[in-house]
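So the chains spell out like this:
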Number of protein chains: 2
Amino acid sequence: MDFDLKESIAVLERTPSVIRALLEGLPEEWTRRNEGPERWSPFDVVGHLIDGEETDWMPRARIILGRGDDRRFEPYDRFRHLRLNEGKALGELLDRFEELRARNLRELRGLKLTRDQLERTGEHPEFGTVTLEQLLAAWVVHDLGHLAQVARVMAKQYRDAAGPWEAYMSVLHR
Amino acid sequence: MDFDLKESIAVLERTPSVIRALLEGLPEEWTRRNEGPERWSPFDVVGHLIDGEETDWMPRARIILGRGDDRRFEPYDRFRHLRLNEGKALGELLDRFEELRARNLRELRGLKLTRDQLERTGEHPEFGTVTLEQLLAAWVVHDLGHLAQVARVMAKQYRDAAGPWEAYMSVLHR
């Protein structure tokens, strides 16, 4: 499937409501448990998505579209949210993610990006030259990957409870 | 995490709205493409979830709780939906899933299951004796597994578009 800006925004704009529909009001047994040591809970994933809004996707798009010659992205801190969100409630994080995502997509739509602009490039700290189009496609994949992760982490809480079904449910073995 | 009926229903009751938030109104590029030959699109997954409501989870719970001595489950037809839903619109399927799930959970709540009833057993055609509790836990895991699948199948549509990010996004390699 070729990249399409409108179809990308169609996915990006619904992620906050999908995550909210999945997590809001659930007992903490579902939202605060992880799938192993050093792995993230659904709560942690929402914190990570917030970090992405604040420090990753649109900030990097701004660098690509900026006038400066230096198109190097800031390295992304994957663990920032663990410190920032200690003691917070999930509801706060869901609200914050929704608000930041809406603001970022307003900005993205307002840019009215042209084909030429989508082909502009920046320098990723790990994998070098990337286009704006690749960055925006990666943003979509990133959302969907973390949604799949939240569902998987929740599913694993019932690995033992599901008894013999466990062997047949591939989500429990990822 | 031990099985808990109330916490299980808390997940089961939200699945229709999560799937709707994720898929309703999206361009068909997102909802009708699959991740390879013989694999299911998001549309197909919703059809499969409908089959589960009609022929799998609660029908099997009824067999377990029934008075008869024969507690054997009917084999489940994993491909029934492909035939039944040809030509249908995704919106119809989302409505149907929501309606069936709500009806099944009304019935489940109405049973006011006791600890003893959760330990009653049925005979699964492939893996033999299973308890009602395991069946209900498997229903929850099944929902979450298919939610993860829908997100993964969508993500894979942008595998190429994401350029070098592809290598770093594990959802694209499952």
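Caption draft 1: Quick peek at the pairing of strand 1 (residues 121–124) of chain B. All names here are of chain B. Because side chains alternate across strand 1, one face comprises the buried residues Gly 122 and His 124, and the other comprises Thr 121 and Glu 123, none of which is buried. Relative to strand 2 (residues 128–131), strand 1 runs antiparallel, the two being bridged by four bridges. Residue pairing across strands places His 124 opposite Gly 128, the latter belonging to strand 2. The hairpin formed by strand 1 and strand 2 contains three residues between the paired strands.

Caption draft 2: Fine view of helix 1 (residues 5–12) of chain A. Across the eight residues that make up helix 1 of chain A, a large majority, six, are buried. All of the buried residues in helix 1 of chain A are Glu 7, Ser 8, Ile 9, Ala 10, Val 11 and Leu 12 of chain A. Among the structural elements, helix 2 (15–23), helix 6 (90–111) and helix 8 (132–156) of chain A together with helix 3 (28–31) and helix 8 (132–156) of chain B are those in contact with the buried residues of helix 1 of chain A.

Caption draft 3: Highlighting the side chain of Arg 20 of chain B. Tracing the backbone through its elements, the reader meets Arg 20 of chain B in helix 2 (residues 15–23). What Arg 20 of chain B contacts, discounting residues up to four positions off in sequence, is Arg 14 of chain A together with Leu 94, Asp 95 and Glu 98 of chain B.

Caption draft 4: Quick peek at the environment of Ala 151 of chain B. Note on placement: Ala 151 of chain B falls in helix 8. A sequence separation of 129 residues divides Ala 151 of chain B from Leu 22 of chain B, and the C-alpha atoms of the two residues are 8.5 Å apart. Aside from chain neighbours lying at most four places away, what touches Ala 151 of chain B is Leu 144, Leu 147 and Ala 148 of chain A.

Caption draft 5: Quick look at the relation of the copies chain B and chain A. Superposing chain B onto chain A takes a rotation of 180° plus a shift of 0.0 Å along the axis, which leaves an RMSD of 0.0 Å. These values place the two chain copies in the arrangement generated by a two-fold rotation axis. The rotation axis passes nearest to the C-alpha of Ala 148 of chain B in chain B, at a distance of 2.0 Å. Comparing contact sets, 100% of the residues at the interface of chain B also lie at the interface in chain A, consistent with an isologous, same-surface contact.

Caption draft 6: Focus on the side chain of Arg 60 of chain B. In this structure, Arg 60 of chain B sits in helix 4 (residues 42–65). Relative accessible area serves as the criterion here: at 4%, Arg 60 of chain B is assigned to the buried category. At 3.0 Å, the side chain of Arg 60 of chain B and the backbone oxygen of Glu 74 of chain B are in polar contact. Excluding residues that lie within four positions of it along the chain, Arg 60 of chain B makes contacts with Trp 165 of chain A together with Phe 73, Glu 74, Pro 75, Tyr 76, His 124, Pro 125 and Leu 135 of chain B.

Caption draft 7: Up close: the interface of chain B and chain A. On the side of chain A, 57 residues touch chain B, which itself brings 57 residues to the contact. Our count for the chain B to chain A interface comes out at zero salt bridges. One can count 12 residue pairs in polar contact (both at pLDDT 80 or more) joining chain B with chain A. Among the elements of the structure, helix 1 (5–12), helix 2, helix 3, helix 4 and helix 8 of chain B are those that each provide at least two residues to the side of chain B that touches chain A. Ranked by residues supplied to the side of chain B that touches chain A, first place goes to helix 8 of chain B with 16 residues.

Caption draft 8: Representation of the packing of aromatic side chains in the model. Counted under the stated rule, the structure contains 13 aromatic pairs over all chains. When the ring of Trp 165 of chain A is compared with that of Trp 57 of chain B, the centres are 6.3 Å apart and the planes differ by 45°; the resulting orientation is tilted. With Trp 165 of chain A in the segment after helix 8 and Trp 57 of chain B in helix 4, this residue pair bridges two chains. Across the pair, exposure class does not vary: Trp 165 of chain A and Trp 57 of chain B are buried alike. Three or more aromatic residues link up through ring pairs in this structure, and these residues are Trp 57, Phe 127 and Trp 139 of chain A together with Trp 165 and Tyr 168 of chain B. Looking at Arg 32 of chain A, its charged tip hangs above the ring of Phe 43 of chain A, at a distance of 3.6 Å from the centre.

Caption draft 9: View of unusual backbone geometry. With a phi close to 70°, Glu 38 of chain A is a non-glycine residue in the positive phi region. Structurally, Glu 38 of chain A is set in the loop between helix 3 (28–31) and helix 4 (42–65).

Parameters at a glance
- Residues numbered from 1 in each chain as written.
- Chains lettered and ligands numbered in written order.
- Predicted model: local features only at pLDDT ≥ 70, side-chain atom pairs only at ≥ 80, totals over all residues.
- Heavy atoms only, no water.
- Buried < 20%, exposed > 50% of the residue type's maximum accessible area, 1.4 Å probe, protein only.
- Helix = DSSP H or I, 4+ residues; strand = E, 2+ residues; numbered from the N terminus.
- Pairing = 2+ DSSP bridges.
- Contact = heavy atoms within 4.5 Å.
- Least-squares fit on C-alpha atoms with pLDDT ≥ 70 in both.
- Polar contact = N/O pair within 3.5 Å; in protein donor to acceptor, adjacent residues only side chain to side chain.
- Salt bridge = Lys/Arg side-chain N within 4 Å of Asp/Glu carboxyl O.
- Phe/Tyr/Trp six-rings, centres within 6.5 Å; stacked < 30°, edge-to-face > 60°.
- Lys NZ or Arg CZ within 6 Å of the ring centre and 35° of its normal.

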